[in-house]
2 protein chains.
Amino acid sequence: MGLIHQQAQSGYDLRKLFATTPLGSYSDSPGAIYPALRRLESQGFIQGHDEYSGKRARCVFRITAPGLAQLEAWLSQPVTRLDVVRRMDELLAKFSFMDGVLGKEGAMGFLRTLERELAIYTAELEAYLREEGPGMSISGRLALDSGVHSHQALLRWSRTALETYQRSLTGEAP
Amino acid sequence: MGLIHQQAQSGYDLRKLFATTPLGSYSDSPGAIYPALRRLESQGFIQGHDEYSGKRARCVFRITAPGLAQLEAWLSQPVTRLDVVRRMDELLAKFSFMDGVLGKEGAMGFLRTLERELAIYTAELEAYLREEGPGMSISGRLALDSGVHSHQALLRWSRTALETYQRSLTGEAP
DNA sequence: TATATCATGTAATGCGTTACATGATTTA
DNA sequence: TAAATCATGTAACGCATTACATGATATA
């Protein structure tokens with residue numbers, strides 16, 4: 001729905017996006033995409049129209065008013081600890097749609113809570129590594145270490161991302 | 001199976017591991033774990049025994065010879081591009097079991113191919129950000145940027161991890 | 001004795017994957 | 001005209017999630 005909100009898309013468009021672009025590593029299988037589109041349509045969140053642009057028919061989906069409300073609600077959900085631990089990919093996919101849907105303030109609010117949760121979880125990982133690391137195998141300890149480094153990198157990113165937004169705000173409102 | 005190989009585990013043990021430890025963020029729901037254990041048992045990869053240690057019965061699973069062979073085969077599968085793009089968590093979970101199953105040489109071989117695939121994919125992400133970034137929204141570009149930074153961090157980690165193994169080899173065989 | 005924790009399951013539902021299928025339109 | 005690509009689906013299967021259920025044993 002985020003992609004359809006940015007621009008009307010057919011099922012085939014989405015397949016190509018998932019297969020060729022790095023963002024949102026979702027499945028590009030037709031058995032996943034077409035039924036999902038029909039489900040969203042039956043719920044009234046998107047609406048498909050056949051388009052004949054010279055060639056053959058393409059069923060192009062657009063977001064509806066209830067769909068936009070649903071998308072806003074999804075993007076507005078607070079960042080939880082469980083999101084940070086197990087659904088980081090989904091969080092970043094959500095964030096990529098943020099300023100098109102919630103605006104800069106929404107995106108900045110998201111980044112602030114993400115930074116807080118990331119800081120907490122990263123500290124927990126570091127503590128776990130300090131305490132349990134010595135008793136683990138080399139590869140076990142190193143795997144945990146990779147989690148620590150990945151989350152540290154995300155934490156640094158969330159801070160520079162917030163600064164990027166702050167610069168863009170002061171720059172446009174002199 | 002990796003966890004059961006390290007140490008015999010009951011379904012409840014696994015639930016607690018998944019719920020409390022940071023490694024391998026798998027589901028701790030009983031509806032996922034118990035049927036999965038029974039499937040592995042029916043395939044002959046693990047074997048459960050009831051144990052009565054003073055308290056009530058616990059069904060403790062151990063790995064079998066075919067199960068160990070299967071685990072070795074799984075851990076020996078080459079690192080593919082798709083693994084790096086969409087299954088990085090699984091790769092690190094696999095790696096955490098490596099030197100208990102394949103030994104240091106196996107773990108080092110894994111790290112070398114992982115480093116190669118990570119370097120390729122990271123370069124692709126950087127190129128995509130350079131080319132497509134200017135046309136994207138701020139949050140879209142930043143989300144992509146987080147992917148770049150995360151993979152750069154993993155790439156650095158894979159190199160230091162390899163050095164850690166090399167030091168441990170020269171240290172023990174003077 | 002009530003509550004929390006230990007320990008193991010089952011049932012309904014939904015969804016993803018894999019594989020198969022179809023027909024139209026470019027390109028070689 | 002053969003092959004690749006466009007564009008959209010269906011069917012079988014497996015598995016995860018959620019919620020419910022059970023009984024035993026510690027702990028308050």
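These figures come from a predicted structure and were not determined experimentally. Per chain, residue numbering runs from 1 following the sequence as it is written. Lettering of chains starts at A and numbering of ligands starts at 1, both following the order in which they are written. At least 70 in pLDDT is required for a residue's local features to be given in this predicted model, at least 80 for side-chain atom pairs to be given and counted, and no such filter applies to totals for whole chains, interfaces and linings, which use all residues. Note that the side-chain values use all heavy atoms of the structure and ignore hydrogens as well as water.

1. Digging into the domain arrangement of chain A
Many descriptions give the size of an interface as the accessible area lost when the pieces come together.
Residue and element names in this part refer to chain A.
Moving on, step 1. What fixes the domain bounds is an automatic or database domain assignment. Split into domains, chain A comes out as domain 1 (2–67) and domain 2 (77–170).
Moving on, step 2. The C-alpha-based centres of domain 1 and domain 2 are spaced at 29 Å.
Moving on, step 3. Contact definition: two residues touch when any of their heavy atoms are within 4.5 Å. On the domain 2 side, the residues contacting the 6 residues of domain 1 number 6 residues.
Moving on, step 4. Here's the idea: put two parts together, see how much 1.4 Å probe accessible area each one loses, and the total over both is what we call buried area. Between domain 1 and domain 2 lies a buried interface of about 440 Å² when both sides are counted; carbon and sulfur atoms form 69% of it.
Moving on, step 5. The term salt bridge refers to a side-chain nitrogen of Lys or Arg lying within 4 Å of a carboxyl oxygen of Asp or Glu. Across the domain 1-domain 2 interface, the total number found is 0 salt bridges.
Moving on, step 6. Here a polar contact is taken to be a pair of N or O atoms separated by no more than 3.5 Å, where protein atoms must pair a possible hydrogen donor with a possible acceptor and residues adjacent in sequence count only if both atoms sit in side chains. Our count for the domain 1 to domain 2 interface comes out at 0 residue pairs in polar contact (both at pLDDT 80 or more).
Moving on, step 7. Each residue is assigned to one class: nonpolar for Ala, Val, Leu, Ile, Met, Phe, Trp, Tyr, Cys and Pro, charged for Asp, Glu, Lys and Arg, and polar for all the others, Gly among them. Grouping the amino acids of the side of domain 1 that touches domain 2 by side-chain chemistry returns 3 nonpolar, 3 polar and no charged.

2. Comments concerning the sheet that holds strand β1 (residues 9–10) of chain A
Residue and element names in this part refer to chain A.
Moving on, step 1. Paired strands, in this sense, are two strands between which DSSP finds at least two bridges. Secondary structure elements are taken from DSSP: a helix is a run of H or I of four residues or more, a strand is a run of E of two residues or more, and numbering for both begins at the N terminus. The antiparallel open sheet is built from 3 strands, whose spatial order is β1-β3-β2. Of all the strands in the sheet, just β1 and β2 (46–51) have a single pairing partner and so form its edges.
Moving on, step 2. In the sheet, β2 pairs with strand β3 (residues 58–63) via 6 bridges, with the strands oriented antiparallel. Pairing of Gln 47 across the sheet is with Arg 62, part of β3.
Moving on, step 3. Along the sheet, helix α3 (residues 30–42) makes contact with β2 and β3, crossing β2 at roughly 115 degrees. The convention used is that axes are lines fitted to C-alpha atoms, helices contributing only their stretch in contact, and that angles between N-to-C directions extend from 0 to 180 degrees.

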